[in-house]
Amino acid sequence: MSKNPPSLPLSPDEAWRRVHEQASAPYRQAGRFAWHFARGKLGRDPVFRGLVGRGLIGADRRRVVDIGCGQGLFASLLVTLHAMHARGAWPASWDATPALTRYTGIELMPRDVARAETSIGHLQPKPEFICADMCTAELPPCDLVVILDVLHYVDLQAQEAVLRRVRDSLQPGGRLLLRVGDASSRRGFAISQWVDRTVTRVRGHRVSPTWGRTLQEWTQLLERLGFSVRNIPMSAGTPFANVLLVADIA
Ligand SMILES: C[S@@+](CC[C@H](N)C(=O)[O-])C[C@H]1O[C@@H](n2cnc3c(N)ncnc32)[C@H](O)[C@@H]1O
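What comes next is a walk through the structure. (Residues numbered from 1 in each chain as written. Predicted model: local features only at pLDDT ≥ 70, side-chain atom pairs only at ≥ 80, totals over all residues. Heavy atoms only, no water.)

Observations regarding the environment of proline 233
Stage number 1. When you line up the elements, proline 233 lands in strand S6 (residues 227-233).
Stage number 2. Between the C-alpha atoms of proline 233 and isoleucine 130, which are 103 residues apart in sequence, the distance is 30 Å.
Stage number 3. Aside from chain neighbours lying at most four places away, what touches proline 233 is Asn242 and Val243. (Helix = DSSP H or I, 4+ residues; strand = E, 2+ residues; numbered from the N terminus. Contact = heavy atoms within 4.5 Å.)

Structural data, given as structure tokens:
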């Protein structure tokens, strides 16, 4: 873990307010929808602050693959966090996050890739956005794979095949951060599926069938693939049944 520079006295709430502001600002360049979407997602989805506040990213995981990256919010978040940390504007209770050496975002929808390129395509090091299906896209060697709310778009066999390729691309010390819905929590899972379909429509995409597993089934699958797994509920303040699986290469 890298040592924090001397910090200004910054509370986590104030730090997150700045992160929220700065990480969503580049999306103005891609229009009102992209900007409002970035603000809404960073502001209301507990996963982003949850990852930072719990120190789950890790300062040494510099090569990041973001599968189903949408408009690349996670890249913007990482670059913002690192810049704030370098300036010392950082709460004492937060662990450092990595100076990115390579970010690869894989996204099926050309419109999302275009929004990502317009908004944050100029950052340094330049994030790479690949418009491709995660089931076939090549995964480069990496230290961190992030898959947030994506795997349910493909069937159970394809989910396993993606996770197998993720495991093979992760280098020693590598980590997968996988957020899924827990299908055993029927009400929360049904609500998240309904919201998912609505958002898919609003973003101008066709709604397709989805596939879920229970938390126990996700855990067993990851363990069978050789990951050591822990789970963290990740839907605080929302009606969903989302869980973050932190899966490490043993
Ligand atoms: C619910 S959004 C989550 C976006 C992003 N991970 C986030 O948390 O902000 C799911 C994303 O996965 C993408 N996606 C769905 N199926 C995919 C596939 N087969 N390959 C790559 N991306 C896919 C969708 O287009 C969408 O952008």
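So that's the structure; there's more coming.
Things to note about unusual backbone geometry
Stage number 1. The omega torsion of the bond from glutamine 124 to proline 125 falls at -5 degrees, within 30 degrees of zero and hence cis.
Stage number 2. Mapped onto the elements of the fold, proline 125 is located in the loop between helix H5 (110-120) and strand S3 (128-131).
Stage number 3. One non-glycine residue, aspartate 149, lies in the positive phi region at around 60 degrees.
Stage number 4. Position of aspartate 149 relative to the elements: it lies in the loop between strand S4 (142-148) and helix H6 (156-169).

Examining the sheet that holds strand S1 (residues 63-67)
Stage number 1. Pairing within the open sheet is mixed, and its seven strands lie in the order S3-S2-S1-S4-S5-S7-S6. The sheet terminates laterally at S3 and S6, the two strands that pair on one side only. Averaged over all pairs of adjacent strands, the angle between strand axes in this sheet comes to 15 degrees, irrespective of strand direction. (Pairing = 2+ DSSP bridges. Axes fitted to C-alpha atoms, helices over the stretch in contact; angles between N-to-C directions.)

Some points on the packing of helix H1 (residues 12-24) against helix H4 (residues 73-87)
Stage number 1. Between H1 and H4, the shortest axis-to-axis distance is 9 Å and the interhelical angle comes to 130 degrees. Taken together, the axes of H1 and H4 are oblique relative to one another. Considering how the two elements wind past one another, H1 and H4 form a crossing that is right-handed. The residues of H4 that touch H1, namely those facing Ala15, Trp16, Arg18, Val19, Gln22 and Ala23, are Ser76, Leu77, Thr80, Leu81, Met84 and Arg87.
Stage number 2. Considering only residue class, the contact of H1 with H4 consists of seven nonpolar, three polar and two charged. (Parallel < 35°, antiparallel > 145°, perpendicular 65-115°, else oblique. Left-handed = near helix turned anticlockwise from the far one by under 90°. Nonpolar A, V, L, I, M, F, W, Y, C, P; charged D, E, K, R; others polar.)

Here's the deal with the packing of helix H3 (residues 46-53) against H4
Stage number 1. In the contact formed by H3 and H4, the axes pass within 12 Å of each other and the chain directions differ by 40 degrees. Of the two elements, H3 crosses H4, and the hand of that crossing is right-handed. Taken together, the residues of H4 that come into contact with H3 (itself represented by Phe48, Leu51 and Val52) are Leu73, Phe74, Leu77 and Leu81.
Stage number 2. Of the residues that constitute the contact of H3 with H4, the class distribution is seven nonpolar, no polar and no charged.

Observations regarding the pattern of salt bridges
Stage number 1. Counted under the stated rule, the structure contains 14 salt bridges.
Stage number 2. A salt bridge links glutamate 14 to arginine 18, with the nearest nitrogen and oxygen atoms 3.0 Å apart. Of this pair, glutamate 14 and arginine 18 both sit in helix H1, four residues apart, which is roughly one turn of the helix.
Stage number 3. A salt bridge links arginine 167 to aspartate 168; the nearest nitrogen and oxygen atoms lie 3.0 Å apart.
Stage number 4. Here the residues in one salt-bridge network are Lys41, Asp45, Asp149 and Arg179, joined through shared partners. (Salt bridge = Lys/Arg side-chain N within 4 Å of Asp/Glu carboxyl O.)

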